[in-house]
Amino acid sequence: MKNVKIAKLWDSLQSSYLFLPGVIVVIAIALAIAILTLDRAGYYGPLEKWGWMYTGGTDGARAVLSAIAGSVITVAGTAFSITIVALQLAASNFGPRLLRNFMQDVGNQVVLGTFIGTFIYCLLVLRTVRGEGDGYTFFVPQMSVTVALVLAIASISLLIYFIHHASTIIQASHVISEVSTDLDRAIDRLFPEKIGQGLSQVGQRVVEIPANFDVDAYPIKANRSGYLQAIDDDKLMQIASEKELLVRLEFRPGKFVVQGSELVVVYPEEQVNQKLIKELRDTFIFGKERTEQQDVEFPIHQLVEIALRAISPAVNDPFTAIRCIDRLSAGLSRLAGRDFPSPYRYDDKDNLRVIAQPVTFAGLTDAAFNQIRQYSTSDVAVTVRLLEAIATIALHTKNPRNLAALRRHAEMIKHDSFNDVSQELDKKDIEQRYQAVMKVL
C-alpha cells in the first residue's frame, strides 16, 4: 500500500502549483542564509579577484535589491495571469479534464517558483543592508547583491522562455501529443510486453471458483463516493493469501463508486470481521477525479473529448479530430500487440485469490471510437480517417477477438455514415476505405 500511496501523493504534488514553487522558495531562503553567512565572514573566493563582485555602497545595494524585488514580483503577477488565461483556454477548447495536464507542466511551475524565490531572496538580503547612520554596524552584503543580480538575469531568461512556452502549450498539436505520451506511458506501465499470465493463457488453465461463491460470499461496501484511482494489488493479494480468501473486485480503477455500493466480495463469509473490512477498504484509493495511474481509459477519453469538441458545430475543426484519431490509432496499435493480464490472480501456492474486473481490447476500442463515430457521421474526412485507423490497428494484431472488435467498428462506421452522407461520390470513397479495412481484417 505504501508504494501506491506514495505514487498517488507524488501525482497530486505534480498537479499542484504549491509543491515545486514552494521547494524553490525554500531553496531561495536557504541560499540567502548561506550567502549572507559568507558575506559576514568576508569570504568571497575567486569572485573578488575576477572583479565580478558588487562594489557599491548601501544606497546602491538597497536600490538594486529594491528594483529587482519590485520588478520580479510584478512579472510574477503577469505570469500568474497568463497561466490562468491558459487554463481558461484549455478548459473551454479542450475540456476541463485537460486542466490537470496543464497543472502538471513543470516549465510553468519552475518559472513561477523562480520569480517568487528571487523576490523572497531580495527581501531577505535587503533587510541586512546597514549604513553608517542607521545605528547599526556598517554592512553591505556584496556577494549577496551579486547573487541577486545573477538571479535577476536568470529570471529575465526564464521570462523569455515562459512567453514561448505559454504560447506553445495551448496549441492543439502540443496538447494532443502530451495526452498521447500519457497514453503510451500508461500502456507500458499497465500492459508490459512480458507478464506472468495473460488472457491468452486463461483457456489453458482450469479456473476453480467455489460453486456456492455467490451465495456464501460477503459483500463489503464502499464507505465513500468518488473515482477509484488505484488498487494496491500486492497488499490485496497478501491479505487474501494470509486469510485464505477468494476476493472478487466489483470495480476497476477509473470507475465512479457510489457510497454503499458493493466494492469487493469476499469468500468465505466466516473469515470476515471489522478489521478485515478496514484492511480491504484501505487497499482502494479514491479521489475527486480520474488519473492515468492505473486507468488506461482516461487518456483515451481525453483524446476523444478533444476530438468531440473539435467536430462540434460550434468549432467545426475536423483536422484536430483527425489528429486525435491518429494518436488513438497509435495507442491502440501499441495495445494490440500486448497480452492483457488475466482477471484471475493466483498466489505463490497456485491458489486462486483475486478475481479482478478485466480491461479488454474491445472495451478500449469502444471507448476510443464509439463517440467519435456517433458525432461525425456526416463528416466524410473524419469517417474516412476512422476506417484508416482501424486498418492500421488491424495490421498490429493477430488476436481473433481483437480483429472481431475492429470489424464490428468498421461495420458500424460504414452503416452510420451511409445514413447521413448524401453525396454518392462520398459514399463511394467510404466504401473503398471500408473494403480496404476488410482486406486487412
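Look a little higher up for the structure.
Residues numbered from 1 in each chain as written. Predicted model: local features only at pLDDT ≥ 70, side-chain atom pairs only at ≥ 80, totals over all residues. Heavy atoms only, no water.

Draft legend 1. Representation of the overall build of the chain within the structure. Within the chain, the regular secondary structure consists of 17 helices and eight strands. The C-alpha radius of gyration of the chain comes to 29 Å, more than 25% above the 22 Å expected for a compact globule of 441 residues. With the principal axes as the frame, the chain shows a C-alpha extent of 90 × 70 × 40 Å. A buried classification covers 46% of the 441 residues belonging to the chain. Long-range pairs, those at least 24 residues apart, make up 80% of the contacts in the chain with a sequence separation of at least 6. Accessible area of the chain: about 22,300 Å², with a carbon and sulfur share of 55%. (Helix = DSSP H or I, 4+ residues; strand = E, 2+ residues; numbered from the N terminus. Rg over C-alpha atoms; globule rule 2.2 N^0.38 Å. Buried < 20%, exposed > 50% of the residue type's maximum accessible area, 1.4 Å probe, protein only. Contact = heavy atoms within 4.5 Å. Areas by Shrake-Rupley, 256 points an atom, 1.4 Å probe, with all protein chains shown as cover.)

Draft legend 2. Geometry of the sheet that holds strand β1 (residues 218-221). Read from one edge of the open sheet, five strands run β1-β5-β3-β8-β7, paired in mixed fashion. If you trace the sheet from one side to the other, it starts and ends with β1 and β7 (344-346), each paired once. Sheet twist, expressed as the mean angle between neighbouring strand axes with direction ignored, is 25°. Alignment of β1 against strand β5 (residues 262-267), held across four bridges, turns out to be antiparallel. When the bridges of β5 are listed, Y218 appears paired with V266. Sheet strands in contact with helix α11 (residues 274-282) are β1 and β5, and its direction is about 55° off that of β1. (Pairing = 2+ DSSP bridges. Axes fitted to C-alpha atoms, helices over the stretch in contact; angles between N-to-C directions.)

Draft legend 3. Up close: a nonpolar patch on the surface. A cluster of nonpolar side chains, W10, F19, V23 and I27, forms an exposed patch at the surface whose accessible area comes to about 360 Å². Broken down by element, the nonpolar patch gets its largest block of residues, three residues, from helix α2 (residues 19-41). With respect to the helices and strands, I27 occurs in helix α2. In this structure I27 comes out as exposed when scored by relative accessible area, which is 53%. (Patch = residues over 30% accessible without salt bridge, like charges linked within 9 Å, V, L, I, M, F, W, Y side chains within 5 Å. Salt bridge = Lys/Arg side-chain N within 4 Å of Asp/Glu carboxyl O.)

Draft legend 4. Region of interest: the nonpolar core. Of all hydrophobic cores here, the largest spans 56 residues; its most connected members are I300, F369 and I372. At the level of elements, α4 (58-93), α8 (172-190), α12 (297-310), α13 (318-336), α14 (361-375), α15 (380-394), α16 (400-420) and α17 (424-440) are the ones that each hand at least two residues to this core. Here the element with the most residues in this core is α15; it accounts for ten residues. L65, A69, V125 and A166 belong to the second-largest nonpolar core, a separate cluster that totals 30 residues. (Core = buried A, V, L, I, M, F, W, Y, C linked by side-chain atoms within 4.5 Å.)

Draft legend 5. View of the packing of aromatic side chains. Per the stated rule, a full pass over the model turns up three aromatic pairs. Each ring, one from F213 and one from Y267, has its centre 5.8 Å from the other, and the planes form 40°; the classification is tilted. A residue pair is termed long-range when its members are at least 10 positions apart, and F213 in helix α9 (residues 213-216) and Y267 in strand β5 qualify at 54 residues. The same class applies to F213 and to Y267, which are both buried. Geometry around F418 places K427 over its ring, the cationic atom sitting 6.0 Å from the centre. (Phe/Tyr/Trp six-rings, centres within 6.5 Å; stacked < 30°, edge-to-face > 60°. Lys NZ or Arg CZ within 6 Å of the ring centre and 35° of its normal.)

Draft legend 6. Structural detail: the sheet that holds strand β2 (residues 226-231). An order of β4-β2-β6 is seen for the three strands of this open sheet, with the pairing classed as antiparallel. With one partner strand each, in any of the chains shown, β4 (256-257) and β6 (284-287) form the two edges of the open sheet. Two strands pair when backbone bridges link them, and β2 and β6 are joined in this way by four bridges, in the antiparallel orientation. Bridge pairing in β6 links Y227 to G287.

Draft legend 7. Looking closely at the pattern of salt bridges. Tallied over the entire structure, the rule returns 17 salt bridges. E250 serves as the salt-bridge partner of R248, at 2.8 Å between the closest nitrogen and oxygen. Look at R248 and you get partly exposed, because its relative accessible area is 24%. In this structure E250 comes out as partly exposed when scored by relative accessible area, which is 25%. Where R290 meets D295, a salt bridge forms, and the shortest distance between an N and an O atom there is 2.7 Å. Across the pair, exposure class does not vary: R290 and D295 are buried alike. Several salt bridges converge on common partners, so that one network encompasses R252, R290, D295 and E297.

Draft legend 8. Summary view of unusual backbone geometry. With an omega dihedral of 0°, the bond running from Y267 to P268 counts as a cis peptide bond. Within the element layout of this structure, P268 appears in the loop between β5 and α11. For D350, which is not glycine, the phi torsion reads 65° and is therefore positive. Inspection of the secondary structure assignment puts D350 in the loop between β7 and β8 (352-355).

Without other data, these values stay purely geometric and don't point to any function.
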